[in-house]
Each structure stands twice: as structure tokens, then as C-alpha cells.
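Observations on chain architecture
Here is what each chain is made of, one letter per residue.
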Amino acid sequence: MPGIGREEGGGDESEKSVSREPDRRRFMRGTAVALALSGAGVSGSAAADEGDDGDDGGEEGWEVESIHDSEGVVSASHPIAAEVGAEVLESGGNAFDAAAAVQLALTVVDPYGSGIGGSGMLVGYAASEDRPVTLNCQARAPIDASPAMRYDDGNLKPPAQRYYGGISIGTPGTLRGLDVMLKRWGTRSLSDLATRPREIAAEGFELDERVASVLSAVVWRMNDAALDIWAPDGEALEAGDLVVQEDLAGTLSLIEEGGVDPFYRGEIGEAIVDLVQDAGGVMEMADLRAYRPTVDPPTRVTYDDPHPTIGNSVDVLSAPPPVEGGLVVPGMLKLIDGMELPADPMSATRYHRTWAARAAIEDPMITTTADPEFVDVPVRGILSDDLIASRRDLIDPDERNPGLLGAESDPWARQPGDPWTTDPPVDVSEANVPGEFEPPTTEDTTHFSVADGAGNVVSFTGTLSSGFGTGAVVPGYGFFLNNSIAQLGESGPDRLGPLRRYNTTAAPTLVLQDGEPLLTCGSPGGIVISQVVADVLVNVLEYGMGLEEAVAHPRMYVFTGEYEEAVPGATIDGLEAMGYSMADEPTGPLGDTQMVAVDRDGPLGVYDPRRGGGVAGAGGEDVGRGAPRRTSPAGARPGSARRTTIRAARRERTTTTPAVEATRRATAATTPVAARTDHDDPVRFQPSSAVTGVSRSPSVNPSGRPASRSTSRSRHVMSSSGRSPARLRVSRGSSARSKRSSSPVVGCQTYFASSLTRNWVPVSGS
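An account of the accompanying structure is given in this report. What you see is a predicted model; the values in this text were computed from it and never measured.

The rules we used
Residues numbered from 1 in each chain as written. Predicted model: local features only at pLDDT ≥ 70, side-chain atom pairs only at ≥ 80, totals over all residues. Heavy atoms only, no water. Helix = DSSP H or I, 4+ residues; strand = E, 2+ residues; numbered from the N terminus. Buried < 20%, exposed > 50% of the residue type's maximum accessible area, 1.4 Å probe, protein only. Polar contact = N/O pair within 3.5 Å; in protein donor to acceptor, adjacent residues only side chain to side chain. Phe/Tyr/Trp six-rings, centres within 6.5 Å; stacked < 30°, edge-to-face > 60°. Salt bridge = Lys/Arg side-chain N within 4 Å of Asp/Glu carboxyl O. Contact = heavy atoms within 4.5 Å. Pairing = 2+ DSSP bridges.

A word on the environment of Ser 347. Position of Ser 347 relative to the elements: it lies in the loop between helix 15 (325-337) and helix 16 (348-360). Residue Ser 347 is classed as buried on the basis of its relative accessible area, which comes to 2%. In sequence terms Ser 347 and Pro 568 are 221 residues apart; their C-alpha atoms lie 8.6 Å from each other. Within polar-contact distance, the side chain of Ser 347 engages the backbone oxygen of Asp 344 at 3.0 Å.

Below is the structure:
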């Protein structure tokens, strides 16, 4: 079918189809992928920019930097965590070892987004097995959980109790997941990798602007153990304040000594249960002892017609249900692969059609997806050629279709079998559910990506669900607990029930070419995650952008009218003409993409500065938030820097710091109005037992690697709003190192098609 023209207006009005003209660019195949990923290949947006005579001025804004290191790279949402992971690579660990260290470090330096009291989702490539792998360690509902615990005498409990009280807490899975990950694919134990994060917790670090900006909004729901650390004397910490977490250091010391046993079978677990039960929850030690992650097949789609700089087709893989993003991103890309997109990646038509792909995949996903251990999810049907084609036919190429988001579908008609779910929970009949329960609408997460020189790749998203989870720190142990169970529904496929995992918008992603890793990425951002991840991947796969340019490219979420400052005014006007309601002013940064790629020169790491992340190489190069340059091992070559500037037309600048504005908006959206205003009702967790006499292990400084390594660094700048640097410092023994914080970031995530089979991970050796 002939494609639509590439002009901004959408071309021939008589053609009302988004379908791509077959074989339109096969003759251009063959350009080196390595050049494309590193930014030296053909750039669709750069080409469009050169001919742009509608430029309003644009200024340098997002400064996206990358590091090439033949021995490995880490791109993370916090530069301290990236550096910790790079040290593991430098000392001989693989990507899975580094990933465990990064997540433990994020528990220390970024508890707003994730931690050992929450959930994790991994998609990666294990060189030892020569195949892609996934691991799900999401929080599970306690064995005794049911909708009845949300009610008193038939009436829903107050919002603060449902969203942030003891009944909202799921059995934490992150730590057990890291343990299983290392046993399956790592080379080191969890005990070995807890040392550096423990040192940071004990010695302290300077709080960055992003986390500091949201503390005051959540102080009301923090318990005394949390206030002692994050709001001493009743005043929330500010950017630049030194954060020392002695209790958390003690917890990490227990992990150094005993692995996961103290958490799931010992004193840490007992303290968790005490806290949950004191706050009205139903968790028991049996829940912790029984917790198991799952190792599952990924979801997968093929992108048949990528940009010539990419070359042959690629496979896009993601996490299977209950990770919604693992269906949405692959589904979007399969829809987009059959579309004709305009040549200009900044055009209103591009943003309209990529959002339409997101809207078209919503109904097949949202009406069927749940925890596949309890509900059969029609993954094959959702990602089938027939269903994708039928959803593409619903898209108007030139106008917004308000009915597209809810347009009915029947994925079960596209695969064998019939729907099946386990019996609904007892205690509350669906007929008596009043339908008043609305879980928190956004998730605050962290994402990081790791690649090593041996071919291992990890894309890992962690979350506590809401920012700081419940707001409750386990007394005497220093870490926050999740509020994930608040995300489970009252009815439908994702209803609350024993051991169930909730549907999450996370989208850790891996792209393969010829069966080998090409790139991986992910992002936080709640409902915008899938759009951000898919758009970044479209920048690479469809427009041929290098990773830096793809990350720096302006983002939009037209469903809510949000857009970044670098979006041209003409694009906003074009979307409004198509029927979208756009914000009067830019709404701040969207997402926080942390990416790694593997090309002919080895791993390439790129970090997104929108939320202030960082990227570090095993050879000693660090960038992000003014991250320090670590001393390189003897013989390592200094990197060569490259800067590219793109100017984009934009509307009037906002005066708010993007990092602050983005996190404030996310926190406000996450916290229900009733919960934010009803301060006489919040559930305040009370301290229970404290841990005493915890031993501190001596510092461990990893040894350097041999000199046979090449490293290089490059930079890409995209027009956007100004930034307010925040100072960060990590103490390392007697030497303090300064880090400058840049603005926040979102991430790229992609999803794969998975089978319905779930394999329990053996518990032996745990």
C-alpha cells in the first residue's frame, strides 16, 4: 500500500493509511552498525535540522555523553552507582556481578527510586549460555492477602492506609533476585559485592538536587526511622547535605557476612514483619522464606525494516508479564515497523503516529495482562501479525482518534486456547466491590544498563512502586519498604490475591541482531515509560540516529499534552491542529534513558542527563553529574572526546529546574489527593527493634586490570532548558571526590514476546 508523504502536514489527504511502502529502502542496506550506534552514521534528525528554517533560536541543553571501553561500561541513574559497577568490572567481575553492586549502591544513594525493600526486572544476555535471559523479582502479595484487608465493615479504608500502610507492602524480591542472578550468571557472591555500597552508606555522600527536591513532599508519610535519616529535626535534607546511613551500613554488613539469609530467614526479615504487622499488614516470616524469583522466556518481536545504518532486521526483547512494558514496547515497534513515518523526526506527524501506536496496543494488553502464574496471558495473540495489522488499520494518519485507546480487541482469537484464571480470592465477592479503589497512578523507578567485554549484557529496572515506597524505613536496618500491593486491583485479571505480582509499566529492553546483543536500555517514568523507550528506539532503528542523538532528541507524551522545551513550536501547533490538547508551556523532562550498545569496538555506554545519571567505564572514565575521573589502570588510553550540537526550535523557556520540576510532578501524581490533604489520617509506622553490635568489614579496593584496553568518550548536546548543578561527593577512604549534578533523564525500554511457561528457580544453596 502506498505510504503517506513525508511532509509535516501528512501528504496526500486522500490516503488514509499509515502502512509503509514495501521494500522502500532495502537498496540502502550495508552501512556499518558500529558507525550508527557511535553517532558517526547517517542521522535523520541532523539532516532534518540542517534544512530547518523554522528555528527559533535554541540553546545548548541536554549534554549527552558516552564512553567506549573494551572491558565494559555501566550507565546508571546515579553516577555513584555507575562508578561502583565499573569498579567491579575493573577488578575482573562480569556484567551480572556489576549489576548486583549497582543495585545495592542505588539502595544507598537513590532510595527514592529503588532498593532492597522493593522489586526488580532484568533482561539480559548471558554469554555462558549464549542466549538472552530474563529474571523477575517483583514484590509479591503476602500469602494471607485478599481484597478484604482493604475494608473495615464493608467500607474502604482511608487512602493513606491503602496506598502507604502495612496492607500496601509486598514481600520484597530485589535482594533474592540479585542472589539468584549471581548464582546463575555471575562470578561473585552477593556477600562480596555488598562491601563498596556498605562503605558509601557508612561514610556518607552528598545528597543530589533531584532526590532533595522531592523529600519535603513525602515527609508526612515517613516513619520515625526514616525521619531520623532524611528529615532530622523535622526539616527535610537539602541538596549538598551529607547523608550517613549507619543502620543501612549495618544491614549491608549482615549481607556481607550471611548473604540473603539474614533478610529472608533471620533478623532483618523479622524486623520487616514486625513493621508490616504493626502497621496493619498481614505479612509473615513464611512469606519471606517462601519468596522465589522466576526465570522466564522474554517477549520478542522482529523489526524487519530498520534504517540502512542498522543493516539487517533486529529482534527486540523485553520482560514478560506481569511487566506491561514487555508487551507494549514490542507491540508499538511492530506497529511502527509497518508504518510510513515522516522524514523529519521532529514533525507533529511523527509524534502523532508513534503515540497512536501506543494507544492501539493498549486494549489488548490492559484487558488480559496479569501475573502469568495465576492468569493465562495471550502473549502470542497480542503480538501476532494479524492483531497488529488490525490495530494499525484503526490509526488515522493525520488526526487524533480519541476512541483508539479503548478500541476493543480479541487477542485470544489470534492464538489457540481460551482465557483461564485461578479462582478469585474469597472473603470479598466481586459483586460487592464498590469500584472506588484507585491505586497510585505512577511508579518511581531506577534503571541501569551494563555490558562487559565478554559479551554479557544487563538491562535492569528497580522500583519501590511510589517514590520512597511507603515512606517507612525498617527501624534499625535503614532501607525503605515498597508499596507495590497497592497497585493490584479489586477485580479483573490483576486482582489482589496471595503471592500475586502486580502489573508494572517497567520496560527493560534488549535488541539483538543476528542473535547477538546490539543495544539495551530502559527508563523510569510510570505511564510514560513505554512511549519514551519506544521513541528512543525509533530514533535509532527508524531514523538512524546514534545513541547520543537518540537520547538527546526531544520527547513528548501527547496523551497528556506533555512535551520538553526543545520541541519546536510548529510541532505543538501541528499536534493541536490534529486534535491534541497540549500544555501551554513545556512540562519538563520525560524519562531517564540509560543505554549500552555493543559494536565492533566493544561496549558503548550512554547516559541520559535529564535526571542526572552517569556512565562509567572499566578503564576509569566517568561522566555524569560532574562525576569524577577515576584513576585509570596503568597503560589505559585516555579517551578522545567528540561534541555534536543540535539546535531545535522551541517555545518560551520555563524558569523551573527540569530535575526539580519532573520529580515534583511525579511525586504529586503518585500521591493521591486525599492522602496528601488528610494529614490527620496518615498511617505512621512506629519503630520496632533495632540492630546493635553489627561488625564493619574493612574496605576492599579492587585491583586494576591489564593495560590491554581501549577507551574513548564522546558527547552530544541537544537544545533544552537550563540546569541547576548540585554537588555530590563520595568519600573513598581518605580521599573525597566531587561530583556535579546535571538534570534528570528518562529511559529507553523495549519488550519481547514470551511463552506462558514459568520456570521456578531452585532454592537450593540459598
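Each aromatic ring pair is characterised by the separation of its centres together with the angle its planes make. Tallying each qualifying case throughout the model produces 14 aromatic pairs. Each ring, one from Trp 230 and one from Phe 468, has its centre 6.3 Å from the other, and the planes form 55°; the classification is tilted. Of this pair, Trp 230 sits in helix 10 (residues 224-230) while Phe 468 sits in the loop between strand 13 (457-463) and strand 14 (509-513), and the two are 238 residues apart along the sequence. Residue class for Trp 230 comes out buried when judged on its relative accessible area of 0%. Judged by its relative accessible area of 0%, Phe 468 falls in the buried class. The interplanar angle of 80° and the centroid separation of 6.1 Å between the aromatic rings of Tyr 557 and Phe 559 together place this pair among those described as edge-to-face. Taken together, the aromatic side chains of Tyr 112, Trp 230, Phe 468 and Phe 480 make up a single cluster linked through ring pairs.

Bringing the pattern of salt bridges into the picture now. Tallied over the full model, the rule gives 21 salt bridges. A network of salt bridges, in which partner residues are shared, links Arg 140, Asp 371, Glu 373 and Arg 501.

Below, the discussion takes up the side chain of Asp 371. Relative to the helices and strands, Asp 371 is located in the loop between helix 17 (362-366) and helix 18 (379-382). Looking at Asp 371, its side chain comes within polar contact range of the main-chain nitrogen of Glu 373, at 3.0 Å. Among all residues touching Asp 371, those that are not within four sequence positions of it are Arg 140, Pro 322, Leu 499, Arg 500, Arg 501 and Asn 503.

So, about the pairing of strand 12 (residues 445-452). Here is the key point about a regular strand: its side chains alternate between the two faces of the sheet. Taken across its 8 residues, strand 12 has 8 buried, putting it largely inside the fold. Of the two faces of strand 12, both are covered, the one formed by Thr 445, His 447, Ser 449 and Ala 451 as well as the one formed by Thr 446, Phe 448, Val 450 and Asp 452. As paired strands, strand 2 (residues 72-76) and strand 12 are joined by 5 bridges and run antiparallel to one another. Paired with Val 73 across the bridge in strand 12 is Ala 451. In this sheet, strand 13 lies alongside strand 12 in antiparallel orientation, the contact comprising 7 bridges. Among the inter-strand pairings, Thr 445 is bridged to a residue of strand 13, identified as Thr 463. What sits between the antiparallel neighbours strand 12 and strand 13 is a turn of 4 residues, in which Gly 455 has the positive phi angle 100°.

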